[in-house]
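# Survey of secondary and tertiary structure
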Amino acid sequence: MEARENAAATLFSLSVVDENKVTIGASGAIAFLVDLLRDGTLRGKKDAATALFNLSIYQGNKPRAVRAGVVPELINLLLDRSTGMIDEALAILAILATHQEGRVAIGQAEAIPVLVDLIKSGSPRNKENAAAVLLALINNDHAHLATTCQLHAIEPLTELAHTGTPRARRKANALLDYLIEQ
């Protein structure tokens, strides 16, 4: 396990360089990082998450991460708050939600109730990223929009639209526009 975690730390360092994102993604290392995200120690999970975040910035790595099963592992991190990795998980989900395969996988993982809960009770950064992911989901799927309505998301989104970070306010207002139109 220690060797795997050291490898993840190395990949994290290498993944900062844009040219390396393509090479690392093509090497099959993303599946290794997803496994470590699931099975590693907290240090290993954090290094794997940071590497996955960096790698997922490159558009070609987004479907690789999704196919490697990263979305269910990220949802598990959101549900297990004891890991303290909510920021990391939401940041990766926000990047993956910009890709069609990412949106499909996030929707299939039934993430909407978790996202709405984080908009209600998360940190300012959690609320911002949860709103970004939720907006990507409902912008492309009427079923997700209906689910969001059923979860009574209007009240916490209205609060976020008034009290959130500038980005969170923009996302919340866009979400409210969709929800009110429904």
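Throughout, residues of each chain are indexed from 1 in the direction in which the sequence is written. Local features are withheld for residues below a pLDDT of 70 in this predicted model, meaning they are given only at 70 or higher, and side-chain atom pairs are given and counted only at 80 or more; totals for whole chains, interfaces and linings count all residues. Where side-chain values are given, they derive from all heavy atoms of the structure, hydrogens and water being excluded.

### Quick notes on the nonpolar core
Formally: Note on terminology: a nonpolar core comprises buried Ala, Val, Leu, Ile, Met, Phe, Trp, Tyr and Cys residues joined through side-chain atoms within 4.5 Å. Relative accessibility under 20% of the residue-type maximum defines a buried residue, over 50% an exposed one, and the middle range a partly exposed one, all with a 1.4 Å probe and only protein chains included. Every helix listed is a DSSP run of H or I at least four residues long, and every strand listed is a run of E at least two residues long, numbered separately from the N terminus. Whether two residues touch is decided by their heavy atoms; if any such pair falls within 4.5 Å, the residues are in contact.
Counting residues in each nonpolar core, the largest one holds 58 residues, and the members touching the most others are L37, V70, V71, L74, L78 and L157. Among the elements that take part in this core, helix α10 (residues 124-138) stands out by supplying 8 residues, more than any other. With residues up to four places along the chain from it excluded, the contact list for V71 reads V66, L93, L96, A105, I106 and A109.

### Structural notes on the packing of helix α1 (residues 2-14) against helix α3 (residues 29-39)
For clarity, the cut-off: Think of each axis as a best-fit line through the C-alpha atoms, taken over the contacting stretch in the case of a helix, with angles from 0 to 180 degrees between the N-to-C directions. Relative orientations are named as follows: roughly parallel for angles under 35 degrees, roughly antiparallel for angles over 145 degrees, roughly perpendicular for angles from 65 to 115 degrees, and oblique for any other angle. When the near helix sits turned anticlockwise from the far one by under a right angle, the crossing is termed left-handed; a clockwise turn instead gives a right-handed crossing. Residue polarity is assigned by list, with Asp, Glu, Lys and Arg as charged and Ala, Val, Leu, Ile, Met, Phe, Trp, Tyr, Cys and Pro as nonpolar; anything else, Gly included, falls into the polar class.
Where α1 meets α3, the axes come as close as 11 Å, and the angle between the chain directions of the two elements is 125 degrees. Between α1 and α3, the angle falls in the class oblique. Handedness of the crossing formed by α1 with α3: left-handed. Where α1 abuts α3, its residues R4, E5, A7, A8 and L11 lie against A29, F32, L33, D35 and L36. Residues that form the contact of α1 with α3 fall into these classes: 7 nonpolar, no polar and 3 charged.

### Structural notes on the environment of M85
With respect to the helices and strands, M85 occurs in the loop between α6 (70-79) and α7 (86-96). Note on M85: relative accessible area 0%, which makes it buried. Setting aside residues up to four positions removed in sequence, M85 forms contacts with L37, L42, K45, K46, A49 and L77.

### A closer look at the pattern of salt bridges
Put simply, the rule is: Within this document, salt bridges are pairs made up of a side-chain nitrogen of Lys or Arg and a carboxyl oxygen of Asp or Glu, the two lying within 4 Å of each other.
Under the defined criterion, the tally for this structure stands at 11 salt bridges. One salt bridge in this structure joins K21 and D18, with 3.3 Å as the shortest N-O distance. Of the two residues, K21 and D18 both sit in helix α2 (residues 18-26), 3 residues apart, roughly one turn of that helix. A salt bridge links R167 to E128, with the nearest nitrogen and oxygen atoms 3.0 Å apart. On the criterion of sequence distance, the pair formed by R167 in helix α13 (residues 166-181) and E128 in helix α10 is long-range, its members being 39 residues apart. A relative accessible area of 15% places E128 in the buried class. One salt-bridge network, held together by shared partners, links D35, R38, D39 and E73.

### Some remarks on the confidence of the model for the chain
As a reminder, the rule being used: pLDDT gives the predictor's per-residue confidence on a scale running from 0 to 100.
On average, the chain scores 95 in pLDDT, and the residues at 70 or more come to 99%. For the chain, the element scoring lowest by mean pLDDT is α1, at 89; helix α5 (residues 61-67) scores highest, at 98.

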